[in-house]
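Each chain is listed here by its residues.
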Amino acid sequence: MQLIANGILKENPIFRLALSMCPAVGISTTVMNGLLLGIAVLFVQVCSSVTISMVKNFIHPRIRIPTYTLTIATWVTVIDMVLSAYMPVAYAKMGIFVKLIVAFAIITMRLEMFACKEPVGASFWDGFGMGLGFLIGMMSIGFVRELLGSGAILGYDVLGFKPLLFFILPSAGFFVVGLMMAFFNYIEIFYKRKKGFKA
Amino acid sequence: MKDIVTIIFRLTLSCLVAGFIMGTFFILTSKAKKHNEHVNEEKVMYSLLGYKDASEIPDSLKFYELYRYVVSGPGGKFIGYLVPTGGGKDGGHSFVSLDLTGKLADIKKVSISSENAMDKDSRDKAIAAALGSGKDILYADKTIIVSENAGRNAYLVTGKFPGFKNFVSVMLALKPDFSVQGLAILEHEEDPGLGAEIEKDYFKNQFIDKSFETLKTLDVVKEPIPEKYLKALENRMQKDEAEKIRRQFKNHDIYALTGATISSRSVTNGVRGIVQKFAYRLNILDTVLKEQKIVVPF
Amino acid sequence: MNRIRIRLISIIALLCAVVPGLVYGAGFISKQSFGEKNQIKLRFSVQVDKAKVADIHKYTVYEEQDPDILLPIASAKPDPDSKGVSLTFKQVLNTAHTHVVTIKNLDGVSSAVAKVSKSYLGYLISILISALLINNFVFTKYLGLCVFFGTSKRKSTAKGMGVVFTIVMVVSASMSWFFYNYILIPFNLNFLQIVVFIGLVSLTVQAVDTILRKVNPILFNSFGVYLVLVIANCVIIAVPLILANNAYNYYETFMLSLGAGGGFLLALYLMSSVSERMQLAKIPPTFKGLPIAFIVAGQFALAFLGFSGLQIF
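Residues numbered from 1 in each chain as written. Chains lettered and ligands numbered in written order. Predicted model: local features only at pLDDT ≥ 70, side-chain atom pairs only at ≥ 80, totals over all residues.

Caption draft 1: View of the overall build of chain C. On a plain count of helices and strands, chain C comes out with ten helices and seven strands. Computed over C-alpha atoms, the radius of gyration of chain C comes to 25 Å, more than 25% over the 20 Å expected from 2.2 N^0.38 for 313 residues, which places it beyond the range of a compact globule. The principal-axis extent of the C-alpha atoms belonging to chain C is close to 80 × 45 × 40 Å. Residue pairs at least 24 apart in sequence account for 70% of intrachain contacts in chain C once pairs closer than 6 positions are excluded. (Helix = DSSP H or I, 4+ residues; strand = E, 2+ residues; numbered from the N terminus. Rg over C-alpha atoms; globule rule 2.2 N^0.38 Å. Contact = placed C-beta atoms within 7 Å.)

So this is what it looks like as structure tokens:
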């Protein structure tokens, strides 16, 4: 369970490790989008971690990276096909971002640092934690943008008017992510100061 | 040396396993994909005709698909229609070829059931077989004729035209006199909050009840929608009051979306183009069907 | 050395696109083009009778995909030197579609056909500009951000990364095009797109790495370290996916990949210029590093929004 908490807070892929930011900026216009992509990434992360962890003894050290890439690409293709078959409307909104999961540095890095050394169970929870961190990050950005941009959450009109259309425009993704990162930074500095005082 | 051999062996093995997994999933999901596409299309069709879902449709309402092809061969270019001729359990079809001036060129019988005709590959194959070699066929578009008791209730036409960014794909429901019964936006790539508002009711519903003559000269006007009209379009008032207001604005131009004049214009021009071309072609086809006394179930 | 070679290759490719167009205009109708919003201009290879040319019933014009819908001609004005005619139409022409013009029974020629469309070279250049500015991969499509923020700290790293990326982009896009059209489609293996594309990218990176190491070690020392980062870049796999989606032909793929690489280079360069200045500015500690970089990128993205809807050709 500590691994999960790690993935969400201390090593949150979007806000702390600053990896895989492409979708965070691009399609986090609504909570629903963030949720769906987050689930896709969670699925790929967990499956890849488990697969690599299961075959870690068979991987020749010189072909590590191609093997990781192959595994990730396989699982991405699978989730891509499943989503396009069963949820075509939502899939159309995400465009090519589902296919681009294969290029996310976070998944490859996680496999390199964790899955190829740790047993299957630990890899599963680590992958789950990372994916969950990504999911929560995407949903929170989507929440802010949707609320401020179209006054709705998950499609339900909450405010009844549109405060700042700017936030739905794709470029606002940059601003929101930047501000949220600053917020996380602030929390970290705050904690360090507190610890500093105590010590 | 042994190293390289092991590497290649393991890599090939993993590639094969990966390919196998993906292949299985592909076969499993492609059927579901086709089915879901069909279901989504039906949902849009039913909502355009005013029904909430499939259960509200009366049993006497039938849907007939009319497919249009462009046939090029040694004799020049022809427009061919795959017309359902009804009768018999097989639900036979006829392929009616018209030359470019609208005169009948050829009629060939095509035996294919309505379900199989919905799949593009089987349809193309059946038509090519009926026409013989030497002719190239290119699929153009499809019209759905909604019929009740051998009469015509509505036409469902799809079309694609350029919007502000890339293409906009729409489905129109037309009454037999070619006035607009409903408009549904199927696909677009417009900006969210600006051009994407073409999906909203207060824009789409402005097209409802516009007659064929009004469509010919329909333009976009850059004024805000009057409050009452807006309420009527979004179905926020009593039905008879809404009717009265709609009738008032029946021949008015389309009110443009704020900050999306170009998108509004492209939709207006696109709808006009689709309806004009459809009316022209259907009239020609009807004339020929009547002359040749071809029996059709609508 | 590499750069000169690349420039040479791109010039030759552009010429190959232009020359066929120049050779095409043989026959009775020597040149055809779109005039103003609702005009088509034709030039003939011989002199023609002005009265006969002005007869609008001799012409049939339709858009290539709708051969049964004949466009109504308002008037036909012959050119002063009797070697051409300007057809004016009642409605505005949709110049994005190819129009087919047929002339019957004019001066001994029983029929002549001409296809009028916008210049293909213009279309190719518009793809390039679109990938470069209007749909800039970093600022408008939000791809390739990880690497973007990592290497945009100094101008020299930015330039290096941009150039390496463009080279790998063009090479891998071409290979992906070949693979897609000659292997994936004929064998109906479309679902292997992702695996094949990323495989080709890794292969290209590996090949460029080995070649560069042997051919020009100096260049390798300055640029080689960026090669590894190319694989983690979302753009490198986005371009093959786009070309597969739109079924581009080879020239269009080349233009797209060139524009994508160029756009990335442009974005990196702009960002690094600002970044260098920012390092000297006073920034509150919470914003130092990535947050302020994001906000600056956001402002750039807003600026690039101004390019949307740009149409040169």
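Structure shown, so let's carry the discussion forward.
Caption draft 2: Region of interest: the environment of Phe143(A). Residues and elements named next belong to chain A. On the secondary structure map, Phe143 appears in helix α8 (residues 120-150). A count of 16 C-beta atoms within 10 Å places Phe143 in the partly exposed class. Remark: the alpha-carbon pair of Phe143 and Thr108, spanning 35 residues in sequence, is separated by 28 Å. (Buried ≥ 20, exposed ≤ 12 C-beta atoms within 10 Å, placed from the backbone.)

Caption draft 3: Up close: the confidence of the model for chain C. Residues and elements named next belong to chain C. Counting all residues, the mean pLDDT for chain C is 81, and 94% of those residues have values of 70 or more. Per-residue pLDDT, averaged within each element of chain C, yields its smallest value for helix α1 (residues 2-24) (65) and its largest for helix α9 (residues 250-278) (88). Scored below 50 in pLDDT, residues 21-26 makes four contacts in the model with residues more than four places away or belonging to other chains. Two numbers describe this predicted complex: its pTM, 0.78, and its ipTM, 0.76. (pLDDT = per-residue confidence, 0-100.)

Caption draft 4: A look at the interface of chain C and chain A. Contact residues are listed per partner, giving 29 residues for chain C and 35 residues for chain A. For the side of chain C that touches chain A, the secondary-structure elements that each account for two or more residues are α4 (145-151), α6 (193-215), α8 (234-246) and α10 (290-305) of chain C. Looking at the side of chain C that touches chain A, the element that brings in the most residues is α10(C), giving nine residues. Residue composition of the side of chain C that touches chain A, grouped by class: 24 nonpolar, five polar and no charged. (Nonpolar A, V, L, I, M, F, W, Y, C, P; charged D, E, K, R; others polar.)

Caption draft 5: Quick look at the sheet that holds strand β3 (residues 59-63) of chain C. Residue and element names in this part refer to chain C. What the three strands build is an open sheet, ordered β3-β6-β7; its pairing is antiparallel. Two strands close off the open sheet at either side, each with one partner strand: β3 and β7 (109-116). On average, adjacent strands in this sheet sit at an angle of 15 degrees to one another, irrespective of strand direction. (Pairing = 2+ DSSP bridges. Axes fitted to C-alpha atoms, helices over the stretch in contact; angles between N-to-C directions.)

Caption draft 6: Geometry of the sheet that holds strand β6 (residues 151-162) of chain B. All names here are of chain B. Pairing in this open sheet of eight strands is antiparallel, and the strands run β4-β3-β2-β1-β5-β6-β7-β8 from one edge to the other. This sheet does not close on itself; its edge strands, each paired only once, are β4 (104-110) and β8 (180-187). If you compare each strand with its neighbour and ignore which way they point, the axes differ by 25 degrees on average. Where strand β1 (residues 61-73) and strand β5 (residues 136-148) come together, twelve bridges link them in antiparallel fashion. Opposite Tyr67, over in β5, you have Lys142 as the bridge partner. Along the sheet, helix α1 (residues 2-49) makes contact with β5, β6, β7 (167-174) and β8, crossing β8 at roughly 155 degrees.

Caption draft 7: Just the pairing of β1(B), in detail. All names here are of chain B. Sheet topology places β1 next to strand β2 (residues 76-84); seven bridges connect them, and they run antiparallel. Residue Tyr67 lies in a different strand from β2, and its bridge partner there is Leu82. With antiparallel pairing between neighbouring strands as the criterion, β1 and β2 make up a hairpin whose turn holds two residues.

Caption draft 8: Here's a closer look at the nonpolar core. Within the largest apolar cluster, 116 residues are counted, with the highest numbers of intra-cluster contacts made by Val44(A), Val102(A), Ile237(C) and Val239(C). In this structure Val44(A) touches Ile72(A), Trp75(A), Val76(A), Ile79(A), Ile101(A) and Ile107(A), once residues within four positions along its chain are discounted. Among the nonpolar cores identified, the runner-up in size contains 46 residues, and Phe78(B), Tyr255(B), Ala256(B) and Ala260(B) belong to it. (Core = buried A, V, L, I, M, F, W, Y, C linked by C-beta atoms within 7 Å.)

Caption draft 9: Examining the domain arrangement of chain B more closely. Residues and elements named next belong to chain B. Here chain B is described as being made up of domain 1 (61-149) and domain 2 (153-281). Put simply, the middle of domain 1 and the middle of domain 2, counted by C-alpha atoms, are 30 Å apart. With eight residues of domain 1 at the contact, the number on the domain 2 side is six residues. Residue composition of the side of domain 1 that touches domain 2, by class: three nonpolar, two polar and three charged. (Domains from an automatic or database assignment.)

Caption draft 10: Representation of α8(C). All names here are of chain C. The first and last C-alpha atoms of α8 sit 18 Å apart over 13 residues, in line with the 18 Å expected at 1.5 Å per residue. Most of α8 sits out of view: ten of its 13 residues are buried. When we look at burial in α8, the residues that qualify are Cys234, Val235, Ile236, Ile237, Ala238, Val239, Pro240, Ile242, Leu243 and Ala244. In the segment just after α8, Ala247 is the residue with positive phi, at about 50 degrees. (Expected span 1.5 Å × (residues − 1).)

Caption draft 11: How the structure looks around the environment of Leu258(C). Residues and elements named next belong to chain C. If you trace the backbone, Leu258 turns up in helix α9. For Leu258 and Ile167, which are 91 residues apart along the polypeptide, the C-alpha to C-alpha distance reads 8.5 Å. Setting aside residues no more than four positions away along its own chain, Leu258 makes contact with Leu128 and Val170.

Caption draft 12: Here's a closer look at the packing of helix α4 (residues 64-86) of chain A against α6(C). Axis separation between α4(A) and α6(C) bottoms out at 9 Å; the angle between their running directions is 155 degrees. The pairing of α4(A) with α6(C) is recorded here as roughly antiparallel in orientation. Regarding α4(A) and α6(C), the two cross each other, and that crossing is right-handed. From α4(A), Pro66(A), Thr69(A), Leu70(A), Ala73(A), Thr74(A), Val76(A) and Thr77(A) reach across to α6(C), where they touch Ile194(C), Val195(C), Ile198(C) and Ser202(C). In terms of residue class, the contact of α4(A) with α6(C) is built from seven nonpolar, four polar and no charged. (Parallel < 35°, antiparallel > 145°, perpendicular 65-115°, else oblique. Left-handed = near helix turned anticlockwise from the far one by under 90°.)

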